[in-house]
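# An overview of the molecular structure
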Amino acid sequence: MELSIIIVNYNVPFFLEQCLCSVREAIGNINAEVIVVDNHSSNQSLAYLEPLFPWVQFIANTENLGFAKANNQAVAIAKGEYCLFLNPDTLVAEDCFEQCLGFLRAHQNAGGLGIRMIDGSGQFLPESKRAFPSAITAFYKLVGLSALFPKSRLFNKYSLGYLNPNENQVVDVLAGAFFMVSSKILAAVGSFDERFFMYAEDIDLSYRIQQAGFTNYYFSGATMIHFKGESTRKGSLNYVLLFYNAMRVFVIKNYKGKSARVFSFFIQVAIIVRGGVSLLNQLIKRFSQYLFSGLTAKKNQPQQVFALANTEEFNELSNFLTKAGIEMTSLKQVLPNTNNFHLSTQKTTLIFCQGPNFSWKQVIAQTEKWGNNSISLRFHAKNSQSIIGSDSKETSGESMVNSSPF
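A brief look at the structure comes next. Within any chain, residue numbers begin from 1 and follow the written order of that chain's sequence. Whole-chain, interface and lining totals are the exception, using all residues; otherwise, since this is a predicted model, local features are given only for residues with pLDDT of at least 70 and side-chain atom pairs are given and counted only at 80 or more. To get the side-chain values, all heavy atoms of the structure are used, and hydrogens and water are removed first.

Turning to the environment of Asn 11, a few remarks are in order. With respect to the element layout, Asn 11 can be found in the loop between strand S1 (3-9) and helix H1 (13-26). Of the residues examined, Asn 11 reaches a relative accessible area of 23% and is grouped as partly exposed. Expressed as a C-alpha distance, the spacing of Asn 11 and Ser 45, which sit 34 residues apart in the sequence, is 6.4 Å. Setting aside chain neighbours within four positions, we find Asn 11 in contact with Ser 41, Ser 42, Asn 43 and Ser 45. Definition of a polar contact: a pair of N or O atoms within 3.5 Å, with one able to donate and the other able to accept a hydrogen when the atoms are protein atoms, and with sequence-neighbouring residues admitted only if both atoms are side-chain atoms. A distance of 2.7 Å separates a polar atom in the side chain of Asn 11 from the backbone nitrogen of Ser 42. Helix numbers and strand numbers start at the N terminus; a helix is a DSSP run of H or I with at least 4 residues, a strand a run of E with at least 2. The rule is simple: take the accessible area with a 1.4 Å probe, protein chains only, and divide by the maximum for that residue type; under 20% is buried, over 50% is exposed, in between is partly exposed. For this analysis, residues touch if any pair of their heavy atoms sits within 4.5 Å.

Looking now at the side chain of Glu 201. With respect to the helices and strands, the residue Glu 201 is situated in helix H8 (residues 201-211). Charge counting follows a simple rule: Lys and Arg are positive, Asp and Glu are negative, and His as well as the terminal groups are ignored. The term salt bridge refers to a side-chain nitrogen of Lys or Arg lying within 4 Å of a carboxyl oxygen of Asp or Glu. We note that Glu 201 is buried and unpaired, the nearest opposite charge coming from Arg 130 at a distance of 7.7 Å.

Moving on to the nonpolar core. Here the nonpolar core consists of buried residues drawn from Ala, Val, Leu, Ile, Met, Phe, Trp, Tyr and Cys, with membership extended through side-chain atoms lying within 4.5 Å. In this structure, Ile 5, Leu 86, Phe 97 and Phe 178 are the most contacted members of the largest nonpolar core, which totals 63 residues. When sequence neighbours within four positions are dropped, the list of residues in contact with Leu 86 reads Ile 5, Ile 6, Ile 7, Val 8, Cys 19, Val 23, Val 92, Gly 176, Ala 177, Phe 178 and Met 224. In this structure, Ile 59, Cys 83, Val 189 and Phe 192 belong to the second largest nonpolar core, which totals 25 residues.

Right, let's talk about H8 for a bit. Among the eleven residues in H8, nine count as buried, and that is most of the element. When we look at burial in H8, the residues that qualify are Glu 201, Asp 202, Ile 203, Asp 204, Leu 205, Ser 206, Tyr 207, Arg 208 and Ile 209. Gly 213 sits one or two residues past H8 and shows a positive phi near 100°.

In terms of burial, strand S13 (residues 375-381) is a largely internal element, seven of the seven residues being buried. Alignment of strand S12 (residues 348-354) against S13, held across seven bridges, turns out to be parallel. By the bridge assignment for S13, Thr 348 is matched with Ile 375. What makes two strands pair is DSSP finding at least two bridges between them.

Our next topic: the pairing of strand S6 (residues 110-118). Burial within S6 is extensive, with nine of its nine residues counted as buried. Pairing of S6 with strand S9 (residues 215-226) involves seven bridges; the strand directions are parallel. When the sheet's bridge partners are listed, Ala 110 is paired in S9 with Thr 215. Where S6 meets strand S8 (residues 178-182), two bridges bridge the pair, whose relative direction is antiparallel. Its bridge partner lying in S8, Gly 112 is registered against Val 181.

Looking at the element boundaries, Ser 4 is found in strand S1. Ser 4 sits in the buried class, given a relative accessible area of 0%. Not counting the four nearest positions on each side in its chain, Ser 4 is found in contact with Glu 33, Ala 78, Lys 79, Gly 80, Tyr 82, Cys 83 and Leu 84.

Pairing of aromatic side chains requires ring centres within 6.5 Å, counting the rings of Phe and Tyr and the six-membered ring of Trp. Pairs whose planes differ by under 30 degrees are stacked, by over 60 edge-to-face, and all others tilted. As enumerated under the stated definition, the model contains 13 aromatic pairs in all. Centre to centre, the rings of Phe 103 and Phe 219 are 5.0 Å apart; their planes meet at 40°, and the pair counts as tilted. Of the two residues, Phe 103 is situated in helix H4 (residues 96-106) and Phe 219 in strand S9; the sequence distance between them amounts to 116 residues. Looking at Phe 219, the relative accessible area reads 7%, which means it is buried. Considering the side-chain rings of Phe 352 and Phe 379, the 5.3 Å spacing of their centres and the 40° angle between planes classify their relative orientation as tilted. Pair noted here: Phe 352 is in strand S12 and Phe 379 is in strand S13, with a separation of 27 residues, a long-range link. Like Phe 379, Phe 352 is buried. Grouping aromatic residues by their ring pairs yields a cluster made of Phe 15, Phe 227, Phe 352 and Phe 379.

Here it is, written out as structure tokens:
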């Protein structure tokens, strides 16, 4: 067994469906197993997914054990030479795993491997490569200097904004959304620390791998889509509390002396400030929705819906929408190799229809090409039962099975 792919699911069955469709294509040329641990989803995720993917090994938890503990359940039974921790809200290219395994085997000092990530609107995700956090980087992030100077070696060291995202890099921290590591190294340093319920467990594992003398790599030769925010919205108060408390656990565990005390102080300040901002944003958003509800509903209706698809995939999408009871008389086909087509100033939805004639690798490339704030991108694998998409990493995405997302 070359590779064990481990995915933890919590209430995102349709995003996971599309993820598994892409994974199925990516393991075509390698000996791999896929293990999905469901953390007691409340929406019948397994009842939906198990019949669709009989080749996947599903583990059903009777309570939400958290990200670290659920991953470790799968590690305990994994048989692969390498393990890949993969988020359910991701899409990978057909050659992704082969490329990553080849890179790791060519670098004997390699510890963990992460790859280039973009969000559902085609924007590069800076957390694809990170440095270990420190008190000063926390301060720069808290006061907004890292956002003002994203490519600064001084102000944005945590996200390594000064490093070229299109080149391979030696980095400190790998993202838990795609974290590939050899099973031997996991056995030597230990898997995820179960003191972390969610967030920072990837920082901690990256730290232990590096402390053991191995090198963590950011591999730019593979790009994937990570929608983000599907289990916990990034801007929510719950996210603030989970993220910064996880950072505090990491600091207490790994840092000592004055630096640890200073860092802990900034984390406490961050919880107060970010929590207050989150509550204020929620209040403003609710008030705006109430005040402009009619206008917003009208504004959000797209005037154009395109399907980037070959004829076979387009016909399959049309049948899917018809079976779902959705009349899409405005749906227009655009061939994947079309260099340009007319987009009006009105809101546009673009559906990528993956299939034998339009690969996931092409879909990911087209996501970067067309992604911007004025176009809503949606994704549909051939013969799948859902369509998914996310316009912002700050909010939960949309999925459709039997009702229209447009």
